[in-house]
Amino acid sequence: KVYCVSLLLTSGYALLLRDTWQLQAQVGVGTEAIWGTGIMRFHGLVRDPNFYMTEVIVALALLIKLKETNRMKTLPFILLGLALTTLGVLTYSKTFFLVFIAMGIIYIIWQFRNKKIFLGILLVGMVILGADFLLFSEGSPFAVVISRLLDSESISDLTTGRTDIYLQYLEASGKNPWTALFGYGFAASGLERDPHNIYLEIMYFSGIVGLGLFIALFVAMMGVLKQQEPLAAQQSWISKYVVLVMVIILYLSLNGMFMVEVYPNIFLA
């Protein structure tokens, strides 16, 4: 709860002061959503709007978790959810748009699984009624994102060049058996561009062995948490892992093995 509220407060501070030179000196000016339009992507108090978007998605997933485990009442859930969603939309991130939809689908499935049939049907109805405006209306907050998606002429354009980078890092990691198993070492220089995928990044620097150790560490952490919280065994798979799944998906398009901003998201998940 503290994380969600503090993210909202600091985001509001950043939104109000985004045009001041003092804040821009600290976190940068930002980038345009579509070149030449003058529409700037909001990035909170983080330099990269994609990492800020990740914080917002994690907060929204935490809200869902808190609500579905009866740790939060309906009104604050709705108010916080709407506010954070608005901030996420202002990043004009394609990844935010797609992951937000995936999270919405998971939440609706969750309602039906918990036998909240009426709420599930109501949510489906709201999605159907709102889809036309949200996806295609010029006044929609998602209009810029839809434009970015529809203007893509290839898989490279759709992923903003990320797929090309993935191939470069895969090729470099598989250069020989040693680099495949153990990578190039933590002191090695990366390729020309960041990998934009934390799993490829871990493989590049520490190989398949390093990636396996990272995964083993997090699996062990989940095992310890289950032992400390016996009631977790009674929760559904979605309830237990919804935040973790969001983090796993988000870092398919983000690197950050050596960035301190990444690990609070993993901790919260």
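Colleague: Hey, could you run me through the confidence of the model for the protein in this one?
Modeller: Detailed reading of the predicted coordinates is not advisable wherever pLDDT is low. This prediction gives the protein a mean pLDDT of 87; 92% of its residues lie at or above 70. Here helix H7 (residues 143-150) stands out as the least confident element of the protein, with mean pLDDT 70; helix H10 (residues 177-182) is the most confident, with 96.

Colleague: Got a minute to help me understand the pattern of salt bridges in this structure?
Modeller: A side chain with one charge may pair with a side chain of the opposite charge, provided their charged atoms come close. This structure, assessed with the given rule, holds one salt bridge. Here Glu-68 and Lys-116 are joined by a salt bridge, their closest N and O atoms 3.4 Å apart. Note that Glu-68 is positioned in helix H3 (residues 49-68) and Lys-116 in the loop between helix H5 (94-113) and helix H6 (117-136), a separation of 48 residues in sequence. Taking relative accessible area as the criterion, Glu-68 reaches 12% and is therefore assigned buried.

Colleague: Sorry if this is basic, but what is going on with the environment of Lys-65 here?
Modeller: Looking at the element boundaries, Lys-65 is found in helix H3. A relative accessible area of 19% places Lys-65 in the buried class. In this structure, Lys-65 is in contact with Trp-110, Gln-235, Ser-239, Lys-240, Val-242 and Val-243, ignoring residues within four places of it in sequence.

Colleague: Please clarify how the environment of Trp-110 should be interpreted in this entry.
Modeller: Topologically, Trp-110 is positioned in helix H5. Owing to a relative accessible area of 2%, Trp-110 belongs among the buried residues under this scheme. Considering only alpha carbons, one finds Trp-110 and Ala-25, 85 residues apart in sequence, at a separation of 43 Å. Apart from the residues within four sequence positions on either side, Trp-110 is in contact with Ile-64, Lys-65, Glu-68, Ser-236, Ile-238, Ser-239 and Val-242.

Colleague: I would appreciate a short explanation of the packing of H3 against H5 in the present structure.
Modeller: A packed helix pair is summarised by two numbers, namely the angle formed by the two axes and the spacing between the axes. Packing of H3 against H5 leaves a shortest axis separation of 10 Å and a crossing angle of 10°. Our classification of the angle between H3 and H5 gives roughly parallel. Along its contact with H3, which presents Met-53, Val-56, Ile-57, Leu-60, Ala-61, Ile-64, Lys-65, Lys-67 and Glu-68, the element H5 presents Thr-95, Phe-96, Val-99, Phe-100, Met-103, Tyr-107, Trp-110 and Gln-111. Looking at side-chain class alone, the contact of H3 with H5 contains twelve nonpolar, two polar and three charged residues.

What counts and what doesn't
Residues numbered from 1 in each chain as written. Predicted model: local features only at pLDDT ≥ 70, side-chain atom pairs only at ≥ 80, totals over all residues. Heavy atoms only, no water. pLDDT = per-residue confidence, 0-100. Helix = DSSP H or I, 4+ residues; strand = E, 2+ residues; numbered from the N terminus. Salt bridge = Lys/Arg side-chain N within 4 Å of Asp/Glu carboxyl O. Buried < 20%, exposed > 50% of the residue type's maximum accessible area, 1.4 Å probe, protein only. Contact = heavy atoms within 4.5 Å. Axes fitted to C-alpha atoms, helices over the stretch in contact; angles between N-to-C directions. Parallel < 35°, antiparallel > 145°, perpendicular 65-115°, else oblique. Nonpolar A, V, L, I, M, F, W, Y, C, P; charged D, E, K, R; others polar.

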